[in-house]
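Fold and geometry: a report
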Amino acid sequence: MMNLEGRLPVDKLDDTYIMLIRRANLDAIAGRSKTTIEGHANAVMRAARNCSYFGKTPTLPERGPMPFKDDTGMGLAVEMEYYSMTAKGRITEHIQWDSVRKPRSTFTKCFQSSREGIKEGFAFGSGIAKSTFTSCPTQSDWFAHFCLGAESRIGFASAANKPLHVRVLLRVLEKIKDEAAHQPWEIAKELLKVGAALTVAQAGSLRGPEVFQLDLAGIRNHILLGKDGVIPDKPLEPGTDLFDAPHVYLALIGKFKGENGVREHLVPVASESMSCLQTRWWIERLIQVRERENCISGPAFGNADGSVAMMSAYDDVLHQFLKEIKIEKNDLILDTDDVVKNYRFFRSMRKSAEERARAAGLDSDMQNTMNRWKKIESARGRRPRFNMIDHYSTARSLMPVTWRYSYVQ
């Protein structure tokens, strides 16, 4: 308490504070294995006992007095302990460690921009791998042990989205078509948007937020390109010329992970996949729907007023049809499968695309290139930079990767 507040604890007033300090200390102790702690303790006692036999002072560092300041990160540890007790968990009743540890990165950034931390911004080495000496408390040995002990005590539980099998996806798209054909236009148009979003996510191996970055003007400008192509005899064999293969462009705009600024990215994908995923058909329907809403630019998956659609609304439609498929008892979805919990736009189609690619025998380099298609091989480790729109020829040069990947879906 003296180190943190510069005063002695006050009875009853600081009871919670003292409890949190003790909890942080116990977590720091638990950051080492029990046998390691016992081994060190026994060695210290043995050294003290042996030295007492012949009158020697044990060669051990002095245990204090400690400085009146927080050099170890105890203050932040106390705040994290309190947060772990009061915050509400999303997955279970208790908050997970991944949420508790977030204040650490915030504090570290605040320290780096402080008067003391700004002087420590010099790195040893050059390039990507750099080392920096720092006195930031969150980088202390004690704080590292605290984090290990707290993680082992608090634990974590994941609720990752499951992949949606392509047969289930095709059945969902079929039901969306049928339902849209029998609904008024105001309902049908929203159903068709969801169908197009599912198709784009699967064909482009996109996560949910990336799907909603599809640019309406971009896909309109390139919709006629690749429409009359011909599939080669052996399209999946390395070296096959795919320049004239039938394809359609996904135009995505916005900030992507690892990039700065706003750009539009063109990703050519197969017009139709091996499993009959009709990517071009759905994108053309999407363009028609948006035209009837008097929208020719802005977000492709948006509302009539130009705003971006909510992913949660698309999840609701997806769950509705998955429940119907589950009731059909056709073994596509098991009775024990919780469709609301396990399948979402955020990751399900991305994982499904990755599974299809692995099953088709595509190597990991091709999968990584597709999932991080902004990294162009010719950049040789440097981040490729474009002004606003990727050149058509540059995007088309990635056809051997993006087209094959989407074709096996």
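Residues numbered from 1 in each chain as written. Predicted model: local features only at pLDDT ≥ 70, side-chain atom pairs only at ≥ 80, totals over all residues. Heavy atoms only, no water.

The next subject is the overall build of the protein. The helix and strand tally for the protein stands at 18 helices and two strands. Put simply, the protein has 409 residues, and 42% of those count as buried. Considering only contacts in the protein between residues 6 or more positions apart, those separated by 24 or more positions represent 70%. Of the accessible surface of the protein, which amounts to about 23800 Å², a share of 54% is contributed by carbon and sulfur atoms. (Helix = DSSP H or I, 4+ residues; strand = E, 2+ residues; numbered from the N terminus. Buried < 20%, exposed > 50% of the residue type's maximum accessible area, 1.4 Å probe, protein only. Contact = heavy atoms within 4.5 Å. Areas by Shrake-Rupley, 256 points an atom, 1.4 Å probe, with all protein chains shown as cover.)

A complete count under the given rule lists nine aromatic pairs for this structure. Both rings, one in Phe143 and one in Phe146, keep their centres 5.4 Å apart while their planes meet at 55°; by these two values the pair is tilted. Placement of the pair is Phe143 and Phe146 together in helix H7 (residues 141–154), with a separation of three residues, close to one helical turn. Each member of the pair, Phe143 together with Phe146, is buried. Between Phe212 and Tyr314, the ring centres sit 5.0 Å apart and the planes meet at 65°, which makes this aromatic pair edge-to-face. (Phe/Tyr/Trp six-rings, centres within 6.5 Å; stacked < 30°, edge-to-face > 60°.)

The contact between helix H8 (residues 166–181) and helix H9 (residues 185–204) brings their axes to 9 Å, and the two run at 160°. In terms of their interaxial angle, H8 and H9 are classed as roughly antiparallel. The way H8 lies across H9 gives a crossing that is left-handed. Residues Leu169, Val172, Leu173, Ile176, Glu179 and Ala180 of H8 touch H9, and the partners they reach there are Ala188, Leu191, Leu192, Val194, Gly195, Leu198, Thr199 and Gln202. By residue class, the composition of the contact of H8 with H9 is ten nonpolar, three polar and one charged. (Axes fitted to C-alpha atoms, helices over the stretch in contact; angles between N-to-C directions. Parallel < 35°, antiparallel > 145°, perpendicular 65-115°, else oblique. Left-handed = near helix turned anticlockwise from the far one by under 90°. Nonpolar A, V, L, I, M, F, W, Y, C, P; charged D, E, K, R; others polar.)

This paragraph deals with the environment of Gly361. With respect to the helices, strands and loops of the structure, Gly361 is situated in the loop between helix H15 (348–359) and helix H16 (364–371). In the structure, Gly361 is positioned 47 residues away from Val408 in sequence and 9.7 Å away in space, judged by C-alpha atoms.

So, about the side chain of Arg404. On the secondary structure map, Arg404 appears in helix H18 (residues 399–407). An unpaired buried charge is present at Arg404: no salt bridge exists, and Glu237, the closest side chain of opposite charge, is 8.0 Å distant. If we skip the residues at most four places from it in the chain, Arg404 touches Pro235, Leu236, Glu237, Pro238, Gly239, Thr240, Leu242, Leu362, Met366 and Met399. (Lys, Arg positive; Asp, Glu negative; His and termini not counted. Salt bridge = Lys/Arg side-chain N within 4 Å of Asp/Glu carboxyl O.)

Here the focus is the layout of surface pockets. Of the pockets and cavities examined, the largest pocket occupies roughly 580 Å³. Every residue lining the largest pocket is counted, 22 residues in all, and those nearest its centre are Asn25, Ala28, Thr72, Met74 and Trp142. Of all the secondary structure elements, the ones that give two or more residues to the lining of the largest pocket are helix H1 (2–5), helix H2 (15–30), helix H3 (34–53) and H7. Residues that form the lining of the largest pocket fall into these classes: eleven nonpolar, six polar and five charged. (1 Å grid on protein atoms, 1.4 Å probe; cavity = no way out; pocket = protein on both sides within 12 Å on 5 of 7 lines; lining within 4 Å. Points joined across faces, edges and corners; volume = space filled by probe spheres on them.)

Glancing now at the packing of H2 against H7. At a minimum axis distance of 6 Å, the contact between H2 and H7 shows a crossing angle of 90°. With respect to H7, the element H2 is oriented roughly perpendicular. Along the contact surface, H2 presents Arg23, Ala24, Asn25, Asp27, Ala28 and Ala30, while H7 presents Trp142, His145, Phe146, Gly149, Ala150 and Arg153. The residue inventory of the contact of H2 with H7, partitioned by class, reads six nonpolar, three polar and three charged.

Averaged over all residues, the pLDDT of the protein is 84; the fraction at 70 or higher stands at 86%. Across the protein, element-level confidence peaks in helix H12 (residues 279–292) with a mean pLDDT of 95 and bottoms out in helix H17 (residues 392–396) with 59. In the model, residues 254–262 has pLDDT below 50 throughout and makes 20 contacts with residues more than four positions away in sequence or in other chains. In this model residues 373–391 is a low-confidence stretch, pLDDT under 50, and it forms 32 contacts with partners more than four residues away in sequence or in other chains. (pLDDT = per-residue confidence, 0-100.)

This part is about the pattern of salt bridges. Taken as a whole and judged by the stated rule, the model has 22 salt bridges. Ionic pairing is found between Arg171 and Glu174, a salt bridge with its closest N-O pair at 3.2 Å. Separated by three residues within a single helix, Arg171 and Glu174 lie in helix H8, roughly one turn from each other. Among the ionic pairs, Arg280 bridges to Glu284, the shortest N-O distance being 3.3 Å. Here Arg280 and its partner Glu284 are both found in helix H12, four residues apart, which amounts to about one turn of the helix. Residue classification places Glu284 among the buried residues on the basis of a relative accessible area of 19%. Connected through shared salt-bridge partners, Glu186, Lys189, Glu190, Lys193, Arg290 and Glu293 make up one network.

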